[in-house]
Amino acid sequence: MGLSVSALGAGGWRKVAECRILGGEQDRRGRCAPSGFFSLLGEKAGRREVYPRMAKAEGAKPGIKIIAENRRARAEFFIEESYEAGLVLTGTEVKSLREGRANLKEAFGEVREGEAWLVDCHISPYGQGNIFNHAPTRPRKLLLHKDEIKRLLGRTQEKGFTLVPLKMYFSKGKAKVEMGLGKGKKLYDRREELKERAASRDVERALRERNKG
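Reading the values: rules and limits
In this convention, every chain numbers its residues from 1, walking through the sequence in written order. With the structure being a predicted model, the display of local features is reserved for residues of pLDDT at least 70 and the display and counting of side-chain atom pairs for 80 or more, all residues being used for whole-chain, interface and lining totals. To obtain the side-chain values, all non-hydrogen atoms of the structure were included, while hydrogens and water were left out. Note on conventions: DSSP H or I runs of at least 4 residues are helices, E runs of at least 2 residues are strands, and numbering of each starts at the N terminus. Think of it in three bands: with a 1.4 Å probe and only protein chains considered, a residue is buried below 20% of the maximum accessible area for its type, exposed above 50%, and partly exposed in between. Between two residues, a contact is recorded if the distance between any of their heavy atoms is within 4.5 Å. To measure how exposed things are, a 1.4 Å probe is used in the Shrake-Rupley method; for residues, cover is taken only from the protein chains shown. The aromatic pairing rule takes the rings of Phe, Tyr and Trp, using the six-membered ring of Trp, and pairs them if the centres are within 6.5 Å, calling planes under 30 degrees apart stacked, those over 60 edge-to-face and the rest tilted. Two limits define a charge over a ring: the Lys NZ or Arg CZ must be within 6 Å of the ring centre, and within 35 degrees of the ring normal. A score from 0 to 100, pLDDT tells how confident the predictor is in each residue. For the purposes of this section, nonpolar cores are sets of buried Ala, Val, Leu, Ile, Met, Phe, Trp, Tyr and Cys residues that join through side-chain atoms within 4.5 Å. Any carboxyl oxygen of Asp or Glu within 4 Å of a side-chain nitrogen of Lys or Arg constitutes a salt bridge here. Arc, as used here, means the arc of the directions from the helix axis to the C-beta atoms.

With that settled, consider the overall build of the protein. When helices and strands are tallied, the protein shows 7 helices and 11 strands. When the 213 residues of the protein are sorted by exposure, 30% land in the buried category. Pairs at least 24 apart in sequence give 60% of the contacts found in the protein among residues at least 6 apart. Roughly 14400 Å² of accessible area belongs to the protein as shown, and the carbon and sulfur atoms make up 52% of that amount.

Pasting the structure below:
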(Lines give C-alpha, C1' and ligand atoms only; values in the text may rest on other atoms or scores of the structure.)
Protein backbone atom coordinates (compact mmCIF):
# COMPACT_ATOMS: atom_id res chain seq x y z
CA MET A 1 0.00 0.00 0.00
CA GLY A 2 3.02 2.26 -0.47
CA LEU A 3 4.13 2.39 3.19
CA SER A 4 7.88 2.66 3.73
CA VAL A 5 9.95 1.10 6.52
CA SER A 6 11.01 4.53 7.75
CA ALA A 7 7.42 5.74 7.89
CA LEU A 8 6.21 2.72 9.82
CA GLY A 9 9.13 2.08 12.11
CA ALA A 10 10.40 -1.38 13.07
CA GLY A 11 7.33 -2.32 15.12
CA GLY A 12 4.89 -1.12 12.49
CA TRP A 13 6.72 -2.93 9.69
CA ARG A 14 6.61 -6.14 11.76
CA LYS A 15 2.80 -5.82 11.95
CA VAL A 16 2.60 -5.36 8.19
CA ALA A 17 4.71 -8.47 7.67
CA GLU A 18 2.54 -10.49 10.07
CA CYS A 19 -0.61 -9.32 8.27
CA ARG A 20 0.81 -10.31 4.88
CA ILE A 21 1.84 -13.72 6.21
CA LEU A 22 -1.82 -14.24 7.14
CA GLY A 23 -2.79 -13.36 3.58
CA GLY A 24 -4.07 -9.88 4.35
CA GLU A 25 -3.10 -6.25 3.91
CA GLN A 26 -2.96 -3.18 6.14
CA ASP A 27 -4.32 0.29 5.57
CA ARG A 28 -2.61 3.48 6.74
CA ARG A 29 -4.19 3.18 10.18
CA GLY A 30 -2.67 -0.22 10.78
CA ARG A 31 -5.88 -2.21 10.30
CA CYS A 32 -5.49 -5.68 8.81
CA ALA A 33 -8.07 -7.26 6.52
CA PRO A 34 -8.20 -9.98 3.81
CA SER A 35 -6.18 -9.06 0.74
CA GLY A 36 -8.05 -6.66 -1.54
CA PHE A 37 -10.66 -5.80 1.11
CA PHE A 38 -9.90 -2.09 1.34
CA SER A 39 -9.37 -1.66 -2.39
CA LEU A 40 -12.69 -3.39 -3.18
CA LEU A 41 -14.56 -1.03 -0.87
CA GLY A 42 -12.98 1.94 -2.60
CA GLU A 43 -12.30 5.36 -1.23
CA LYS A 44 -15.96 6.38 -1.60
CA ALA A 45 -17.00 3.87 1.05
CA GLY A 46 -15.01 5.82 3.63
CA ARG A 47 -12.38 4.30 5.90
CA ARG A 48 -14.34 5.09 9.05
CA GLU A 49 -17.23 2.90 7.94
CA VAL A 50 -15.19 -0.25 7.28
CA TYR A 51 -15.13 -1.73 10.75
CA PRO A 52 -18.68 -0.74 11.84
CA ARG A 53 -19.98 -2.50 8.70
CA MET A 54 -18.00 -5.62 9.52
CA ALA A 55 -19.28 -5.65 13.10
CA LYS A 56 -22.86 -5.16 11.93
CA ALA A 57 -22.58 -8.01 9.44
CA GLU A 58 -21.32 -10.32 12.18
CA GLY A 59 -24.16 -9.34 14.51
CA ALA A 60 -21.78 -7.98 17.13
CA LYS A 61 -23.27 -5.97 19.98
CA PRO A 62 -20.59 -3.93 21.74
CA GLY A 63 -21.13 -3.48 25.48
CA ILE A 64 -23.48 -6.50 25.84
CA LYS A 65 -22.52 -9.35 28.18
CA ILE A 66 -25.01 -12.23 28.50
CA ILE A 67 -25.57 -13.45 32.08
CA ALA A 68 -28.26 -16.09 31.56
CA GLU A 69 -30.70 -17.22 28.86
CA ASN A 70 -34.07 -18.91 29.24
CA ARG A 71 -34.19 -21.41 26.37
CA ARG A 72 -37.24 -23.03 27.93
CA ALA A 73 -39.29 -19.88 27.33
CA ARG A 74 -39.19 -20.06 23.52
CA ALA A 75 -39.77 -23.81 23.64
CA GLU A 76 -42.98 -23.42 25.66
CA PHE A 77 -44.33 -20.05 24.47
CA PHE A 78 -45.02 -18.17 21.25
CA ILE A 79 -43.30 -14.85 22.00
CA GLU A 80 -45.32 -12.00 20.47
CA GLU A 81 -43.59 -8.97 21.98
CA SER A 82 -40.43 -8.30 23.95
CA TYR A 83 -39.39 -5.49 26.29
CA GLU A 84 -36.03 -4.47 27.74
CA ALA A 85 -36.27 -3.69 31.44
CA GLY A 86 -33.84 -2.49 34.05
CA LEU A 87 -33.64 -4.23 37.43
CA VAL A 88 -33.62 -2.91 40.98
CA LEU A 89 -30.84 -4.94 42.60
CA THR A 90 -28.76 -5.05 45.77
CA GLY A 91 -24.98 -4.81 45.76
CA THR A 92 -24.46 -8.52 46.38
CA GLU A 93 -26.86 -9.38 43.56
CA VAL A 94 -24.89 -7.29 41.08
CA LYS A 95 -21.63 -8.94 42.18
CA SER A 96 -23.16 -12.39 41.84
CA LEU A 97 -24.50 -11.55 38.36
CA ARG A 98 -21.01 -10.48 37.28
CA GLU A 99 -20.00 -14.06 38.04
CA GLY A 100 -22.87 -15.32 35.87
CA ARG A 101 -24.73 -16.91 38.77
CA ALA A 102 -28.35 -16.50 37.70
CA ASN A 103 -31.07 -18.92 36.58
CA LEU A 104 -34.23 -17.87 34.71
CA LYS A 105 -35.72 -21.34 34.29
CA GLU A 106 -38.57 -20.95 36.83
CA ALA A 107 -38.87 -17.16 36.61
CA PHE A 108 -41.86 -15.18 35.36
CA GLY A 109 -43.06 -11.59 35.34
CA GLU A 110 -46.18 -10.07 36.84
CA VAL A 111 -47.79 -6.66 37.15
CA ARG A 112 -49.35 -5.63 40.44
CA GLU A 113 -50.34 -2.25 41.88
CA GLY A 114 -48.97 -0.43 38.87
CA GLU A 115 -45.51 -1.98 39.05
CA ALA A 116 -43.81 -4.81 37.16
CA TRP A 117 -41.89 -7.54 38.98
CA LEU A 118 -39.56 -10.41 38.14
CA VAL A 119 -40.56 -13.37 40.32
CA ASP A 120 -38.68 -16.58 41.17
CA CYS A 121 -35.49 -15.61 39.35
CA HIS A 122 -32.66 -17.37 41.19
CA ILE A 123 -29.56 -15.26 41.80
CA SER A 124 -27.10 -17.18 43.98
CA PRO A 125 -25.83 -15.47 47.16
CA TYR A 126 -22.51 -13.72 46.66
CA GLY A 127 -19.67 -15.94 47.85
CA GLN A 128 -17.97 -13.17 49.83
CA GLY A 129 -21.17 -11.64 51.12
CA ASN A 130 -22.07 -11.23 54.79
CA ILE A 131 -25.25 -11.26 56.88
CA PHE A 132 -26.68 -8.67 54.47
CA ASN A 133 -26.51 -11.10 51.54
CA HIS A 134 -29.66 -11.24 49.42
CA ALA A 135 -32.40 -13.89 49.34
CA PRO A 136 -31.84 -15.91 46.13
CA THR A 137 -35.41 -15.81 44.76
CA ARG A 138 -36.77 -12.56 46.14
CA PRO A 139 -39.11 -10.57 43.81
CA ARG A 140 -37.17 -7.88 41.92
CA LYS A 141 -38.72 -4.72 40.53
CA LEU A 142 -38.58 -4.24 36.76
CA LEU A 143 -37.92 -0.75 35.45
CA LEU A 144 -40.30 -0.08 32.58
CA HIS A 145 -42.17 2.95 31.24
CA LYS A 146 -45.69 3.48 32.59
CA ASP A 147 -47.30 2.94 29.20
CA GLU A 148 -45.40 -0.35 28.83
CA ILE A 149 -46.60 -1.50 32.25
CA LYS A 150 -50.21 -0.62 31.37
CA ARG A 151 -49.96 -2.55 28.12
CA LEU A 152 -48.45 -5.58 29.84
CA LEU A 153 -51.14 -5.50 32.51
CA GLY A 154 -53.85 -5.56 29.88
CA ARG A 155 -52.23 -8.34 27.84
CA THR A 156 -51.42 -10.59 30.81
CA GLN A 157 -55.05 -10.39 31.90
CA GLU A 158 -56.02 -11.94 28.58
CA LYS A 159 -56.39 -15.69 28.59
CA GLY A 160 -53.20 -17.58 27.78
CA PHE A 161 -50.71 -14.68 27.91
CA THR A 162 -47.72 -14.82 30.26
CA LEU A 163 -44.77 -12.52 30.90
CA VAL A 164 -41.55 -14.54 30.83
CA PRO A 165 -37.86 -13.54 30.98
CA LEU A 166 -35.93 -14.45 27.83
CA LYS A 167 -32.43 -13.44 28.85
CA MET A 168 -30.50 -11.38 31.39
CA TYR A 169 -27.44 -9.37 30.44
CA PHE A 170 -25.23 -6.38 31.21
CA SER A 171 -25.63 -3.48 28.81
CA LYS A 172 -22.94 -0.83 29.25
CA GLY A 173 -22.41 -2.06 32.79
CA LYS A 174 -26.08 -2.06 33.82
CA ALA A 175 -28.09 -5.24 34.46
CA LYS A 176 -31.03 -5.67 32.07
CA VAL A 177 -33.58 -8.37 31.39
CA GLU A 178 -35.46 -9.00 28.16
CA MET A 179 -39.07 -9.85 28.99
CA GLY A 180 -41.25 -11.60 26.47
CA LEU A 181 -45.02 -11.54 26.25
CA GLY A 182 -45.90 -15.06 25.23
CA LYS A 183 -48.80 -17.40 24.70
CA GLY A 184 -48.39 -20.99 25.84
CA LYS A 185 -47.89 -23.60 23.14
CA LYS A 186 -50.30 -26.49 23.10
CA LEU A 187 -49.06 -30.06 22.86
CA TYR A 188 -49.75 -30.32 19.12
CA ASP A 189 -47.96 -26.99 18.53
CA ARG A 190 -44.81 -28.38 20.11
CA ARG A 191 -45.12 -31.64 18.18
CA GLU A 192 -45.43 -29.76 14.90
CA GLU A 193 -42.44 -27.61 15.80
CA LEU A 194 -40.34 -30.70 16.53
CA LYS A 195 -41.42 -32.23 13.21
CA GLU A 196 -40.39 -29.08 11.34
CA ARG A 197 -37.00 -29.05 13.03
CA ALA A 198 -36.46 -32.72 12.20
CA ALA A 199 -37.45 -32.13 8.56
CA SER A 200 -35.10 -29.15 8.36
CA ARG A 201 -32.22 -31.24 9.72
CA ASP A 202 -32.97 -33.98 7.16
CA VAL A 203 -32.85 -31.47 4.30
CA GLU A 204 -29.55 -30.00 5.54
CA ARG A 205 -28.07 -33.49 5.89
CA ALA A 206 -29.17 -34.43 2.36
CA LEU A 207 -27.62 -31.24 0.94
CA ARG A 208 -24.33 -31.88 2.71
CA GLU A 209 -24.19 -35.43 1.39
CA ARG A 210 -24.98 -34.27 -2.14
CA ASN A 211 -22.26 -31.61 -1.99
CA LYS A 212 -19.74 -34.20 -0.84
CA GLY A 213 -20.61 -36.38 -3.81
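Checked against the element boundaries, E99 lands in the loop between α5 (91-98) and β5 (102-103). Taking the relative accessible area as the measure of exposure, E99 reaches 47% and is therefore partly exposed. Taking the C-alpha atoms as reference, E99 lies 9.8 Å from S124; in sequence the two are 25 residues apart.

Looking now at the packing of aromatic side chains. Applying the stated criterion to the full structure yields 0 aromatic pairs. The lysine or arginine in question, R98, covers the ring of F170, its NZ or CZ lying 4.5 Å from the ring centre. Here K185 stacks its cationic end above the ring of F78, 5.1 Å away from the centre of that ring.

Take unusual backbone geometry next. One non-glycine residue, D120, lies in positive phi territory at about 65°. Checked against the element boundaries, D120 lands in the loop between β7 (115-119) and β8 (122-123). In this structure, K172 takes a positive phi of about 55° despite not being glycine. Tracing the sequence through the fold places K172 in the loop between β10 (161-171) and β11 (174-184).

With that settled, consider the confidence of the model for the protein. Here the protein shows a mean pLDDT of 76. Residues at 70 or above account for 65%. Across residues 1-10, confidence stays below pLDDT 50; counting only partners more than four residues off in sequence or on other chains, it has 13 contacts. Residue range residues 35-60 is modelled with pLDDT below 50. Its contacts to residues more than four positions away, or to other chains, number 25 contacts.

Counting 26 residues, the largest nonpolar core has L97, L118, L142 and M168 as its most contacted members. Elements with a contribution of two residues or more to this core: β3 (64-69), β4 (77-87), β7, α6 (146-156), β10 and β11. Excluding residues that lie within four positions of it along the chain, L118 makes contacts with L87, A107, F108, R138, P139, R140, L142, P165, M168 and M179.

So, on to the side chain of S96. Turning to its location among the elements, S96 is positioned in helix α5. Those residues within four positions of S96 in sequence are excluded, and the remaining contacts are R101, I123, S124, P125, Y126 and H134.

Under the definition given, this model contains 12 salt bridges. A salt bridge links E106 to R72; its shortest N-O distance comes to 3.2 Å. You can see E106 sitting in the loop between β5 and β6 (108-112) and its partner R72 sitting in helix α4 (residues 71-76), a full 34 residues away along the chain. Put simply, R155 and E158 hold a salt bridge, and the shortest N to O gap is 3.3 Å. In this structure R155 comes out as buried when scored by relative accessible area, which is 14%. The exposure class assigned to E158 is partly exposed, which follows from its relative accessible area of 37%. Connected through shared salt-bridge partners, E80, E81, R151, R155 and E158 make up one network.

Because an α-helix completes one turn every 3.6 residues, residues spaced three or four positions apart along the sequence face the same direction. Among the residues of α6, those classed as buried are I149, L152 and R155. Summarising the axial view, the buried residues of α6 lie within an arc of 130°, below the 170-degree limit, and thus occupy one face. Among the exposed residues of α6, those oriented more than 90 degrees off its buried face are K146, D147 and K150. Where the residues of α6 are buried, they touch β4, β6, β7, β10 and β11.

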